[in-house]
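A structural walkthrough
What follows is the residue order along each chain.
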Amino acid sequence: MRIAMIGTGYVGLVSGTCFAEFGIDVTCVDKVQGKIDRLLKGEMPIYEPGLEELVAKQVKAGRLSFTTSTADAVRDADAVFIAVGTPPRRFDRAADLTFIYQAAREIAETMQGYTVIVTKSTVPVGTAREVERIICETRPDGDFDVCSNPEFLREGAAISDFMRPDRVVIGTESARAQEVMRAIYRPLYLNETPIVFTGLETAELSKYAANAFLATKITFINEIANLCEKVGGNVQDVARAMGLDNRIGGKFLHAGPGYGGSCFPKDTEALLRIGEEHGAPQHIVESVVKVNEERRRDMARRVIAACGGSVRGKKIGVLGVSFKPNTDDIREAPSLYVLPLLQAAGAVVAAHDPVAMETAAQEMENVTWCKDAYDVAAGADALVILTEWNEFRALDLGRIAELMHEKRICDFRNIYKPEEMESRGFSYISIGRPEILPAGDIRKRAKA
Ligand code: UGA
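Residues numbered from 1 in each chain as written. Predicted model: local features only at pLDDT ≥ 70, side-chain atom pairs only at ≥ 80, totals over all residues. Heavy atoms only, no water.

With that settled, consider the domain arrangement of the protein. Here the protein is partitioned into domain 1 (2-198) and domain 2 (220-448). For domain 1 versus domain 2, the separation of C-alpha centres amounts to 36 Å. Taken together, the contact between domain 1 and domain 2 spans 12 residues of the former and 15 residues of the latter. Between domain 1 and domain 2 the total buried area reaches about 1200 Å² when both faces are included, carbon and sulfur atoms providing 49% of it. (Domains from an automatic or database assignment. Contact = heavy atoms within 4.5 Å. Buried area = accessible area lost by both parts, 1.4 Å probe.)

Put into structure tokens, the structure is as follows:
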């Protein structure tokens, strides 16, 4: 079995490498010579735990190779996966499918013998059908079938998500293509991973529905957190109580500063567009998008309020700028909203992130990038935790307290306990958890 993987971005590189681990011969293709040169030297274009080692292992085993030539990779392939980027178009933010269709044309020109062409990038409903049409048009004599095989990888956990997925979704209308796909996913099939065969459109929609539902779950618990703050509830306990109901499940119920990343914001917006275009508006997702946008901005307002209503001339230290831990990706990260808003309000911002500072420095101006959390805390009037990196979970709080100008922490990932912060004399705010008030204050409030 031979596979060509077109596109060495996140999905392409991880999937190609993992297919090689399944024992398949994989050639990864990218048009960008520099990217292929780096990969040939064993350098990874992205940060993903475990990827570098796995690529090295598969290259050494002779199952994984890299090239800039689509023709060379496609000629002998039994299946060709399209995993190229679909960035939002500048003028209307809809997914730009130019690279997908270009890849389809190139595949059609060079494929030999029966070939299964698989769309792996997240694409609007109808794209696989259009790929089929383009290939038919380019090669009316071509012996091929098209499949949609959406990817459900999480950044930072991509390899284990690929190797041990909850399910694999394969959209195809051809029994012959089903057999090829079953052979490709054989190791998972033997592991009893559910493999869901559907039509093309259903597979495409499954991906959007899954991401939109997860984004909805997060946004739901974020709004419940707001309510907890008002009524004196604890959102973590509410989430646990809810999540123990098997019908709900406990995952993706961590309240925080709003979801970000390269997927949820883009895919929820795309689903709205698809719904509109087909006359089936997605009102719930529309609210989710609106609430989440507002939430990321609201985090800056919370910091300002915690600082007594103004941050003018104050030093605000930020811990974490990536959209979540274990990635250097800052796309749509809460930091992109919070830092500029604090700066606009007159704050001087210093920040540290274990791996995302280089990418962030290209997007954010006038931020002092620090070597660690203690450097950030030095002289700060507030410390804001935006990403729950492990190294921020066990800070030496005594040292932090000594270094700070004002002992004030805004923990937007709830990685510390209010009691602990209180006992160390910090003024501490978190998400959806009641403030701990000294007994005197409670009585004062009750009187008021
Ligand atoms: C997401 C999905 O989880 C993957 O299944 C999917 O394949 C991927 O998008 C994709 O479409 O390619 P990813 O964007 O890598 O994966 O990250 P997540 O772990 O899902 O986190 C997304 C955002 O939600 C982050 O900002 C995270 O901090 C936030 N989040 C997540 C919460 O605020 N609370 C939670 O309980 C979970």
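This part covers the sheet that holds strand β14 (residues 427-429). An order of β11-β10-β9-β12-β13-β14 is seen for the six strands of this open sheet, with the pairing classed as parallel. Sheet topology places β11 (368-369) and β14 at the edges, where each strand pairs with a single neighbour. For strand β10 (residues 348-352) and β11, the ladder comprises two bridges, and the chain directions are parallel. Within β11, the position partnered with Ala350 by the bridge is Thr368. (Pairing = 2+ DSSP bridges. Helix = DSSP H or I, 4+ residues; strand = E, 2+ residues; numbered from the N terminus.)

Turning next to the packing of aromatic side chains. Where two aromatic rings form a pair, the distance of their centres and the angle of their planes describe that pair. Across all of its chains, the model carries seven aromatic pairs by this definition. Here Phe19 and Phe81 contribute two aromatic rings whose centre-to-centre distance is 5.0 Å and whose plane-to-plane angle is 45°, an arrangement assigned as tilted. Of the two residues, Phe19 sits in helix α1 (residues 10-21) while Phe81 sits in strand β4 (residues 79-82), which places them 62 residues apart along the sequence. Phe19 gets classed as buried once you look at its relative accessible area, which sits at 0%. Look at Phe81 and you get buried, because its relative accessible area is 0%. Each ring, one from Tyr259 and one from Phe264, has its centre 5.9 Å from the other, and the planes form 80°; the classification is edge-to-face. Among the aromatic side chains, those forming a connected cluster through ring pairs are Phe19, Phe22, Phe81, Phe162 and Tyr185. (Phe/Tyr/Trp six-rings, centres within 6.5 Å; stacked < 30°, edge-to-face > 60°. Buried < 20%, exposed > 50% of the residue type's maximum accessible area, 1.4 Å probe, protein only.)

Take unusual backbone geometry next. Here Glu192, not a glycine, exhibits a phi torsion of approximately 70°, which is positive. Secondary-structure assignment places Glu192 in the loop between α9 (186-190) and β8 (195-198). We note that Asn414 has phi near 50°; this positive angle belongs to a residue other than glycine.

Lining the immediate environment of the ligand, one finds 19 residues, of which Phe152, Leu153, Glu155, Lys207 and Asn211 sit closest. One nitrogen or oxygen atom from the main chain of Glu151 is found 3.5 Å from an oxygen atom belonging to the ligand. Contact between the ligand and His254: a nitrogen atom at 2.9 Å from a main-chain N or O atom of the residue. Look at the ligand: alone it shows 720 Å² of surface, and the protein chains cover 91% of it. Of all the secondary structure elements, the ones that give two or more residues to the shell around the ligand are α10 (200-231) and α12 (264-277). With three residues, the single largest contributor to the shell around the ligand is α10. Among the domains, domain 1 (2-198) and domain 2 (220-448) are the pair contributing at least three residues each to the shell around the ligand. (Near = heavy atom within 4 Å. Polar contact = N/O pair within 3.5 Å; in protein donor to acceptor, adjacent residues only side chain to side chain. Areas by Shrake-Rupley, 256 points an atom, 1.4 Å probe, with all protein chains shown as cover.)

This brings us to α12. Helix length check: α12 (14 residues) gives 20 Å between terminal C-alpha atoms against 20 Å at 1.5 Å per residue, within 8%. Burial in α12 covers these residues: Phe264, Pro265, Asp267, Thr268, Ala270, Leu271, Leu272, Ile274 and Gly275. Next to the buried residues of α12 lie α10 and α13 (283-306). Positive phi appears at Gly279, one or two residues downstream of α12, with a value of about 70°. (Expected span 1.5 Å × (residues − 1).)

Attention shifts here to the packing of α13 against helix α14 (residues 334-344). The N-to-C vectors of α13 and α14 enclose an angle of 40°; their axes lie 8 Å apart at closest approach. Of the possible angle classes, the one that applies to α13 and α14 is oblique. Viewed along their axes, α13 and α14 form a crossing whose handedness is right-handed. Here α13 contributes Glu293, Arg296, Arg297, Met299, Ala300, Val303 and Ile304 to the contact with α14, which in turn contributes Pro334, Tyr337, Val338, Leu341 and Leu342. (Axes fitted to C-alpha atoms, helices over the stretch in contact; angles between N-to-C directions. Parallel < 35°, antiparallel > 145°, perpendicular 65-115°, else oblique. Left-handed = near helix turned anticlockwise from the far one by under 90°.)

In this structure, Phe19, Val26, Phe81, Val116, Met181, Ile184 and Tyr185 are the most contacted members of the largest nonpolar core, which totals 41 residues. Sort the elements by how many residues they give to this core and α1 lands first, with six residues. Residues within four places of Val26 in sequence aside, it is in contact with Ile3, Met5, Gly16, Phe19, Ala20, Arg63, Leu64 and Ser65. Counting 35 residues, the second-largest nonpolar core is a separate cluster that includes Ala255, Phe323, Val338 and Val367. (Core = buried A, V, L, I, M, F, W, Y, C linked by side-chain atoms within 4.5 Å.)

Bringing the packing of α10 against α13 into the picture now. Look at α10 against α13: their axes get within 9 Å of each other, and the N-to-C directions meet at 50°. By the criterion of interaxial angle, the relationship of α10 to α13 is oblique. As for the relative orientation of α10 and α13, their crossing is left-handed in sense. Of α13, the residues touching α10 (which contributes Ala212, Ala215, Thr216, Thr219, Asn222, Glu223, Asn226 and Glu229) are Ile284, Val285, Val288, Val291, Arg295 and Arg302. By residue class, the composition of the contact of α10 with α13 is six nonpolar, four polar and four charged. (Nonpolar A, V, L, I, M, F, W, Y, C, P; charged D, E, K, R; others polar.)

What follows is about the pattern of salt bridges. Taken as a whole and assessed by the stated rule, the structure comprises 27 salt bridges. A salt bridge links Lys31 to Glu106, with the nearest nitrogen and oxygen atoms 2.9 Å apart. In this pair, Lys31 is assigned in the loop between β2 (25-29) and α2 (33-40) and Glu106 in helix α5 (residues 98-110), connecting sequence segments 75 residues apart. Residue Lys31 is classed as exposed on the basis of its relative accessible area, which comes to 54%. Exposure remark for Glu106: the relative accessible area of 21% places this residue in the partly exposed category. Overlapping salt bridges bring together Glu229, Glu294, Asp298, Arg301 and Arg302 as one network. (Salt bridge = Lys/Arg side-chain N within 4 Å of Asp/Glu carboxyl O.)

With respect to the element layout, Thr122 can be found in the loop between β5 (115-119) and α6 (127-138). Those residues in contact with Thr122, other than ones at most four positions away along the chain, are Thr86, Lys207, Tyr208, Lys266 and Asp267.

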